[in-house]
Amino acid sequence: MTRFLSCWSARELVVIGVFAAASKVATLLVALAGGGMNPVSLMGKNLIFTTLLVVMLCKVRRPGTLLLFTVINIIVSMLLLGASVTLLPAMFVAALAAEAAMWPGRASSGVGNALIGAAVFDVVSKVLSLGVSWLFMRENPAMMVMAVPFVLTGYIGSVGGLFSGARAVRELRHAGIIHQ
Amino acid sequence: MIRFENVTYTYPFSDRCAVKDINLHVRPGELVLVSGRSGCGKSTLMRLADGLCPGYFRGTLKGRVLIDGRDTSSMPLRDISRMVGTLFQDPEQQFFALGVEDELAFVHEWRGRPAEETRERVRRAAASFGLSPVLHHSIHELSEGQKQKVGLASILSQEPRALVLDEPTANLDPESTAELACRLRALKESGMAVLVVDHRLYWLEGVADRVIVMKKGEICAMGNFALLEDEGLRAGCGLRDCHVEDVRRSLPEALPAGENAPEPGGKERGLRVEGLSFAYKGRENLFDHACFFLRPGVTALIGENGTGKTTLARLLTGLNRAGAGKFFIDGKETAPGELLRRVGIVLQNADHQLHMKTVTQELEVCLELARRLHAGKDSGAEDAFSVAELLDMFDLSALAERHPQSLSGGEKQRLVIACAFAKKPDVLILDEPTSGLDGGNMLRMARALELLAGRGACVLVITHDLELMKLSCMRALRLPLPRAGKAGNEGENV
Amino acid sequence: MQASFISRHEGPGEEAGRGTALDVRSRMFVTLLSSAVTIAVSSFEGQMVLFAASFLYALSIRRFRALLTAYAALAVMAGMAALFTFGISSLMPSMPFSFKGLAVPFLRGAVMLNVVLPLALTSRIQALLTALKSLRLPFCIYIPGAVMIRFIPTFMNDIRQVAETLKIRGYRLGFGEMFRHPLMMLRLMFTPLLFRSLRTSEELGIAAELKGLEAGGRFVPFRGGAWTRRDTALVLLSVACALLALYCHAVWGGESMGMR
C-alpha cells in the first residue's frame, strides 16, 4: 500500500486532478444545459466522461490511475457537488474491476488497454448503480422499471465514448500532444 | 551562477536540435536578456537553466549546464528548483491554490516547514510585494500584474539564488512592466543572477547587463543593450524595438458621437453608440449614458484596470446586454441581438477558439459561416478573403495542414485573428492581439489590421502593447467614457 | 447538485459557509452516516425519524429558496414515479400499488437531499481546499484533489468562453441545434476543453516539479482546522438519530419485499 501511495510523480497526479475537474465540469454542464432526464444530455455526459477517461488512461499509463481518479472524484464530488453518496461505493468497485481488467495489458503502449479499462468501468458501474437503485426502491420494485431506461441510455453514451475516446487519442497523436 | 558549456539539446520525438553550441555564463548580480524570433530556442535555453530540459522534458543533452558549479544532469529537479526560481508568462497556470495566502504558503507547507515559519514567510512576501491588502482574495480577482506579483513573491519566499523569467511582460500594462523592471534591478543588486527571455526589449534598458540574440537555436549576437540599436540585427532576427514611445496620451481622441454628424447627403461610416449605460449587478454604473463614435480605421481602447475595457467590447458585440443605449453601424440602428452579425471580436485565449483538425479546415469553416451570415445581403461574398489569402496574410501557409492545437502560442494567436478576418466584420475588436508575438509577427499583425481598416472596417484594439499602438493606431478611445454632454471637454482630460 | 462555486477566500477562523459555522468534516460525516442508515432502514417510522432530523438540519443553513427548488424537483419526480408505478401495477397485478411502499423510497431521496444540500451549498470552494488539507490525506490523493478543486471554477469559465466563441463565429447554439447535430456540438464544445485540459496538466505538472513537490515530503498545514463544539454536537446528534431510526426499524420492521 505504501509503495502504491508513494510511486506517483507530481506530473501524473496533476494530470489525474485536471482530468477529474474537466470531466466533472463537462458532465455537470451538459446535465444542467439539457436537463437531467433528457436522453441526449444523458448520453452526452456519459460520452464525454468516457472520452476523457480514455484520454487520461492513455496519458497516464501507471496501474492504479483509474482507481486514484475514482477516489478523487468520490472525495471531491461528496464535498463539493453533493453527488449521490450511495453511488460512490459502486464507482469504487467498478474502478477496482477495471484495474484488474487492465492489469494483463499494463505494458502495452496502444489505446487498447485504456479502452478495456473504460469499458469495464462503464459496465460495472452501470450494473452496480442499478443495484443501488434497487436498494433505494426495494419497497416498490415497479419503480425500478423507470430507472432501467435511464441507465441504459447513459450506457449507450458510454459506448459512444469508447469510440470518441479512441478518435480523440488519434487526434492528439496527430497534434503531437500524446506520443506512442 | 548559471553556466552553459557547449550545450546542444534535442527534444524527444524531434530530429532537430532546439539549441546548439551554447556557451553562456550568468553571474551573480547580473541580468541577461535573451531575445529572438519565435521558435529560435530561447524558451529551451530557459528550460535548460531551470533543469526542465532534460529533467522534465527528457530529450538529449550534450555539454553541461552548471548551477552554482553543480552539473544539473546529476541533480534532481527538486534540488535545482531550490536554487533557480522560474516565473512563467501566465503565472496563474502555476498556482495550486485559489487564494493568495494559500498560494504563498503552498510550497512551504509541502516542504514541511513549521506552521509559524510558513506564516512568517507568507507575511514577509506579501508585505514586500504590497500584497497584504489582497492576501485573503481569490486569485481570480487579481489583475495580471498582481498575479505576477503573487508568482514572484512565492518564488522569492523560497530564497533562490537565480531567477529565470519567461516573457514576463506579455500580459502586463506599461506601469506594471516598469514596476517589474525596478524590482528586477533591486534583485540584481542584491546579488541574484537573473535570466529574462522576452520579445519586449525596451523595458530592460538600463537594467540588462547583457543581451543575447538567438537565431535557429544558436547565439547569433551578444553584447550590451546598445547592441539592439542595430536595425539590421533587429530586422534579421525578428526583434522588437529597443526604445518605445508611450503614445497613450498623444493619440488623438475618438470623437464623441454628437461631434461627428455626417456631411449633408454623405453616408455615415463607422460605429456610433448613444446613451450607453451598464452596471454589473449590485455595483455602480460602469457606463452612464456614454456616447462615442468610431470611424473606420484602427482605434486603441485605453484605460486602467477595472475601467471596463473588456466590458465595453462585450457590450459592443452583444455578449453582454447594455442597460440602455443605441448602436448604429454605418448609420443604421442595430439591435444588440444583431450586433454579432456585423461585429467580430477576438478574445484573449486562443485555445478556446480552435475546434478543427487542420489550420485550413479552421479557416474554411469560418469562411463558410461568414458566407451563411452574409447570405442574402448585397455585400460580402464578392470581397471576402480566401483561405490562401488569409494563410499568406498571417504567415500560416507552411502550417496549413498542422493541427491548430499543435501550434505555438503566437501561431495560434495569428490563426484566431485570421478566423476573425474571415467573417469580414464591419467592426473588429481585438483583445491583446500581439502579446507574445515577436517583432516580425507584430509588424505583420499591424499591417493586417491596417488592411482591414483600409477596407472600411472599424478596428478597436484593447492593448498594452505600446509598439502596436504606435505602429497602427490612429486614434484612442479612452476609458472611463464621459457622460453625454460632458464629452467634449472631459474627453481630453481622461 | 451544484455547489456554490464561490472562490472568494476566507481568512483563518472564518466560517466556511453562509448560515453555518460547521466544519466541512462534520457535515461530511453526517452525509456519509445518513446515506448508510437511510439505505439500511426500511420502516416508514424509521425513515420519518431520519427525514425529520435531516430536514431540521437542512433548514439550519437558511437557504430556503434553494431548498424549495430542490423539493419542487423532488415532488415532480415523485409525481411522475407514482403515475408510472400506478400504470405498472395495473398491468402487472404481481406488483401492487401502495402509497406506503412509495413513501419509503421517496423519504430516502428526501433524506439524501436534506444532508447533501448543506454540504454542497455551504462549502465555499476555497474552504474545501482547507478541508482537504485538514483531512491529512496522502500526497497522491491530496495533490489531484487540490488540483481538481482548483480547476473546477477555471474550467467552468473556459466552457462559458468556448460557448461565446462559437456564438461569435456564427454557430447557432441551443436546444434545437443540440438535438439536430449532437455530435458536432459536442466536438465544438468539447475539443477546446480536451486540449485545454492537456495543456493545463502539462503546465501545472511543470509547476509541480519546479515547486519540488514529490511523494514522501512532509506536509505541515500553516492553518489549523476549525472544528468546534458545534461540530462535535452535530456528530453526536446525528449518531443518536441514526440509532433511533435503526431502533424503529428493529421494532416495526421494514416495508421491503421479504424484509418484513
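The notes below deal with the structure included here.

Moving on: the overall build of chain A. Regarding its fold elements, chain A presents 7 helices and 0 strands. What you see in chain A, going N to C, is helices and strands ordered as α-α-α-α-α-α-α. The C-alpha atoms of chain A give a radius of gyration of 16 Å, which matches the 16 Å a tight globule of 180 residues would have. Taking the principal axes of the C-alpha coordinates as reference, chain A spans close to 50 × 35 × 30 Å.

This part covers the packing of helix 4 (residues 100-110) of chain B against helix 5 (residues 115-128) of chain B. Residues and elements named next belong to chain B. Between helix 4 and helix 5, whose axes approach to 9 Å, the crossing angle comes to 135°. Between helix 4 and helix 5, the crossing angle belongs to the class labelled oblique. Considering how the two elements wind past one another, helix 4 and helix 5 form a crossing that is right-handed. Residues Glu101, Leu104, Ala105, His108 and Glu109 of helix 4 form the contact with helix 5, whose participating residues are Thr118, Arg121, Val122, Ala125 and Ala126. Residue classes in the contact of helix 4 with helix 5 are distributed as 5 nonpolar, 2 polar and 3 charged.

Quick look at the interface of chain A and chain C now. Taken residue by residue, the interface counts 52 residues in chain A and 67 residues in chain C. Within the residue set of the side of chain A that touches chain C, elements represented by two or more residues are helix 1 (2-6), helix 2 (10-34), helix 3 (39-59), helix 4 (65-81), helix 6 (112-137) and helix 7 (144-174) of chain A. Its residues placed into classes, the side of chain A that touches chain C shows 40 nonpolar, 8 polar and 4 charged.

Moving on, we get to the environment of tyrosine 142 of chain C. All names here are of chain C. Residue position: tyrosine 142 is located in helix 6 (residues 139-169). On a C-alpha basis, the gap between tyrosine 142 and aspartate 23 in space is 18 Å, while along the polypeptide they are 119 residues apart. The contacts of tyrosine 142, once residues within four sequence positions are left out, are Leu132 and Leu137.

At the interface, 6 residues of chain A touch 5 residues of chain B. Across the side of chain A that touches chain B, the residue classes break down as 2 nonpolar, 3 polar and 1 charged.

All names here are of chain A. Tracing the backbone shows serine 164 in helix 7. Exposure remark for serine 164: the 22 C-beta atoms within 10 Å place this residue in the buried category. Taking the C-alpha atoms as reference points, serine 164 and asparagine 46, separated by 118 residues in sequence, lie 11 Å from one another.

Attention now moves to the pairing of strand 18 (residues 458-462) of chain B. Every regular strand shows the same layout, with side chains that alternate between the two sheet faces. All names here are of chain B. For strand 18, the buried fraction is high: 5 of the 5 residues fall into the buried class. Side chains Cys458, Leu460 and Ile462 project from strand 18 onto one buried face, and the interleaved Val459 and Val461 project onto a second face that is buried too. Here 5 bridges tie strand 13 (residues 297-302) to strand 18, and the two strands are oriented parallel to one another. Looking across to strand 18, one finds that alanine 300 is bridged to valine 461. Strand direction decides the pairing type here: strand 17 (residues 427-431) and strand 18, joined by 5 bridges, are parallel. Across the sheet, the residue bridging to aspartate 431 is isoleucine 462, located in strand 18.

The rules behind these values
- Positions within a chain are numbered from 1, following the residues in the order the chain's sequence is written.
- Each chain takes a letter, starting from A, and each ligand takes a number, starting from 1, following the order in which they are written.
- Only residues with pLDDT of 70 or above have their local features reported here, since the model is predicted, and side-chain atom pairs are shown and tallied only from 80 upward, although totals for entire chains, interfaces and linings are computed over all residues.
- Put simply, DSSP H or I for four residues or longer makes a helix, DSSP E for two residues or longer makes a strand, and each gets a number counted from the N terminus.
- Radius of gyration means the value over C-alpha atoms here, while the globule rule gives 2.2 Å times the residue count to the 0.38 power.
- The axes are straight lines fitted to the C-alpha atoms, using for helices just the contacting stretch, and the angles between their N-to-C directions are given from 0 to 180°.
- Put simply, angles under 35 degrees are roughly parallel, angles over 145 are roughly antiparallel, angles from 65 to 115 are roughly perpendicular, and the rest are oblique.
- Note on convention: near helix rotated counterclockwise from far helix by under a right angle means a left-handed crossing. Clockwise means right-handed.
- Residue pairs qualify as contacts under a 7 Å threshold applied to their C-beta atoms, which are placed from the backbone.
- Residues are sorted three ways: Asp, Glu, Lys and Arg are charged, Ala, Val, Leu, Ile, Met, Phe, Trp, Tyr, Cys and Pro are nonpolar, and all the rest, Gly among them, are polar.
- Counting other C-beta atoms within 10 Å of a residue's own tells you its class, since 20 or more makes it buried, 12 or fewer makes it exposed, and anything in between is partly exposed; those C-beta atoms are placed from the backbone.
- Here the rule is simple: two strands pair whenever DSSP picks up at least two bridges between them.

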